[in-house]
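So you can see what is in the structure, the chains are spelled out below.
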Amino acid sequence: MPYELKLPDLGEGITEAEIRKWLVKEGDTVSEHQNVLEVETDKAVVEMPSPRAGRVGRLLKEEGETAKVGEVLMTIAASGEPASAESKKQKKERPSAAEEEGAPEFFLVPGEMPMEAPAPEGAAGLQNQDQRVQKRSVTVIGELPESEEEAIAAAPAARTLAREMGISESALRGLKGSGPGGIITKDDVLKFFSREIYKQSGDEFGPVERVPLRGIRRAIAKKLVSTQRSTVFVTVTEEADITELWEIREREKPLLKERGVHLTFLPFFIKSAQHALKEHPVLNASLSGPEGSEEVVMKKYVNIGIAVDTPEGLMVPVVRDVDKKTIVELSAELEELSRMARERKITMERLRGNSFTISNFGHFGGLFATPVINSPDVAILATGRITERPWVIAGKVEIRKILPLSLTFDHRVADGAEASRFLAKIVRFLEDPALIFVEST
């Protein structure tokens, strides 16, 4: 019997994944451990290997479809073994007899007309054989296009799907069907809709564009909605005078550049958060358990997730054990993680285990924000754009480098006073960077 390759448990509570790309096709010969497809979760793109050698029987999911953990994705037949039964895709696309004959699509119109019920056998039938029974029926009416050119040769299921996706009849009419006799199938509609940009002229206000919510963007949307529904989130803000930190970075940047390290402010933000979390461990935690018996799990480690902007959306690689790493080591690791995330080469392992998150959105502009907590964390720190501002120093006004800070936290776990003290502690480290090195081990 052909082997069934199922979507495995990918950990981190992931229950489904999107089929991103098939690396094989039906009939191909595969070797053991050969990668056969790519699946995408809210965390990363994962390549799945074949656990055995053989011939690809059926691909039961199409690119762009979502599969649940445990669902069969493909079958693999051993040498000499027959392929599995007809695939779901083939069954779904197999035309009806009417379609094979090229018959027009029909629809039903309710109506009333007398119908004579057939007489049952036996005594009861003799008693009722003269009885006339009125029944509701339908009148079958064929499609009546104004001309042959206007008729759309599409399967009923394809028409329904097109309506659900907002595809106009004019656009549907322009499709080239892959079914028998050129009939447009559901697969044709899906492929048309999954193109990068779909233009439709049906909007009453003018042209529109429809871009499918797929891949990591869809995963991000799903996770954010879940987090917003399950978290009591509050945001507090602060400002930090980082003029001295700015001068340190500018002074050391050329030296580190010679060593191949690009020094940014992010390692300093990470170390400041690390020291502040040590004094406020409730913000380095997660909330777990069923409603009514939850537990606050305070982490003894400090693993900080860093939001990285990629062409396909935000990804959050994790820098582990930041308390054991120097500013230089963090700089090098951050650069490598960012590169891997942008190239979609980062592994699931590097996206797991965060206990706190930092989003440096100020690199792209913006001052303050209300960042969304990165579940299962209970807090996230966002750093805004550094600007030059007039600032009072020892009774005198000076132009200083000012950094806006925003902290979103789960009010179920921490109160505003705790969050404000934590943020003030971060400000202290950023304004007096020598403390970062003094308190580091």
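See the structure shown above.
Residues numbered from 1 in each chain as written. Predicted model: local features only at pLDDT ≥ 70, side-chain atom pairs only at ≥ 80, totals over all residues. Heavy atoms only, no water.

## Brief notes about helix 8 (residues 243-258)
At step 1: Between its first and last C-alpha, helix 8 extends 24 Å over 16 residues, near the 22 Å set by a 1.5 Å rise per residue.
At step 2: Most pronounced at glutamate 252, the bend in helix 8 amounts to some 35 degrees, and the proline proline 254 follows within four residues.
At step 3: Taken residue by residue, helix 8 has Thr243, Leu245, Ile248, Arg249 and Leu256 as its buried positions.
At step 4: Looking at the buried side of helix 8, the elements it contacts are strand 13 (233-241), helix 9 (266-279), helix 10 (327-342), strand 23 (396-410) and helix 11 (416-431).
At step 5: Directly after helix 8, the chain includes glycine 260, whose backbone phi takes a positive value near 80 degrees. (Helix = DSSP H or I, 4+ residues; strand = E, 2+ residues; numbered from the N terminus. Expected span 1.5 Å × (residues − 1). Bend = angle between axes of the 7 residues up to and from the residue. Buried < 20%, exposed > 50% of the residue type's maximum accessible area, 1.4 Å probe, protein only. Contact = heavy atoms within 4.5 Å.)

## Observations concerning the environment of aspartate 28
At step 1: You can see aspartate 28 is positioned in the loop between strand 2 (16-22) and strand 3 (29-30).
At step 2: Classification of aspartate 28 by relative accessible area gives partly exposed; the value is 22%.
At step 3: Through-space distance from the C-alpha of aspartate 28 to that of valine 56 is 5.4 Å; in sequence the pair is 28 residues apart.
At step 4: Setting aside residues up to four positions removed in sequence, aspartate 28 forms contacts with Gly54, Arg55 and Val56.
At step 5: A polar contact is formed between the side chain of aspartate 28 and the backbone nitrogen of lysine 25, at a distance of 3.0 Å. (Polar contact = N/O pair within 3.5 Å; in protein donor to acceptor, adjacent residues only side chain to side chain.)

## Here we look at the pairing of strand 4 (residues 35-40)
At step 1: Where burial is concerned, most of strand 4 is hidden: five out of the six residues are buried.
At step 2: Pairing of strand 2 with strand 4 involves four bridges; the strand directions are antiparallel. Along strand 4, the bridge assignment pairs lysine 21 with glutamate 38.
At step 3: Taken together, the five bridges between strand 4 and strand 5 (residues 45-49) define a ladder with antiparallel strand orientation. Note that in strand 5 the partner of glutamate 40 across the bridge is valine 45. (Pairing = 2+ DSSP bridges.)

## Here we look at the packing of aromatic side chains
At step 1: All chains considered together, the criterion is met by three aromatic pairs.
At step 2: Between the aromatic rings of tryptophan 246 and phenylalanine 265, the centroid separation amounts to 5.5 Å while the plane-to-plane angle is 35 degrees, which identifies the pairing as tilted. Taken together, the positions of tryptophan 246 in helix 8 and phenylalanine 265 in the loop between helix 8 and helix 9 put the pair 19 residues apart, joining distant regions of the chain.
At step 3: Taking the relative accessible area as the measure of exposure, phenylalanine 265 reaches 11% and is therefore buried.
At step 4: Measuring from centroid to centroid gives 6.3 Å for phenylalanine 265 and phenylalanine 269, while their planes differ by 15 degrees, and the two rings are stacked. Residues phenylalanine 265 and phenylalanine 269 agree in their burial class; the two are buried.
At step 5: Aromatic ring contacts, followed pair by pair, group Trp246, Phe265 and Phe269 into a single cluster.
At step 6: In this structure, arginine 249 is placed above the aromatic ring of phenylalanine 265, and the distance from its NZ or CZ to the ring centre is 4.6 Å.
At step 7: Its guanidinium or amino end placed over the ring of tryptophan 246, lysine 401 lies 4.2 Å from that ring's centre, counting from NZ or CZ. (Phe/Tyr/Trp six-rings, centres within 6.5 Å; stacked < 30°, edge-to-face > 60°. Lys NZ or Arg CZ within 6 Å of the ring centre and 35° of its normal.)

## Some points on unusual backbone geometry
At step 1: The omega torsion across serine 375 and proline 376 is 10 degrees, close enough to zero to call that bond cis.
At step 2: Mapped onto the secondary structure, proline 376 falls in the loop between strand 20 (356-359) and strand 21 (379-383).
At step 3: A positive phi angle is found at arginine 344, which is not glycine, with a value near 60 degrees.
At step 4: When you line up the elements, arginine 344 lands in the loop between helix 10 and strand 20.

## Side note on the nonpolar core
At step 1: Counting 77 residues, the largest nonpolar core has Phe356 and Ile358 as the members making the most contacts within it.
At step 2: Counting 16 residues, the second largest nonpolar core, distinct from the first, contains Ala155, Leu172, Ile183 and Phe193. (Core = buried A, V, L, I, M, F, W, Y, C linked by side-chain atoms within 4.5 Å.)

## Things to note about the sheet that holds strand 3
At step 1: Read across the sheet, four strands follow the order 1-8-6-3 without closing on themselves; strand pairing throughout is antiparallel. The open sheet terminates on both sides in strands that have one partner only, identified here as strand 1 (3-6) and strand 3.
At step 2: Pairing between strand 1 and strand 8 (residues 72-77): four bridges, direction antiparallel. Note on strand 8: the bridge partner recorded for glutamate 4 is threonine 75.

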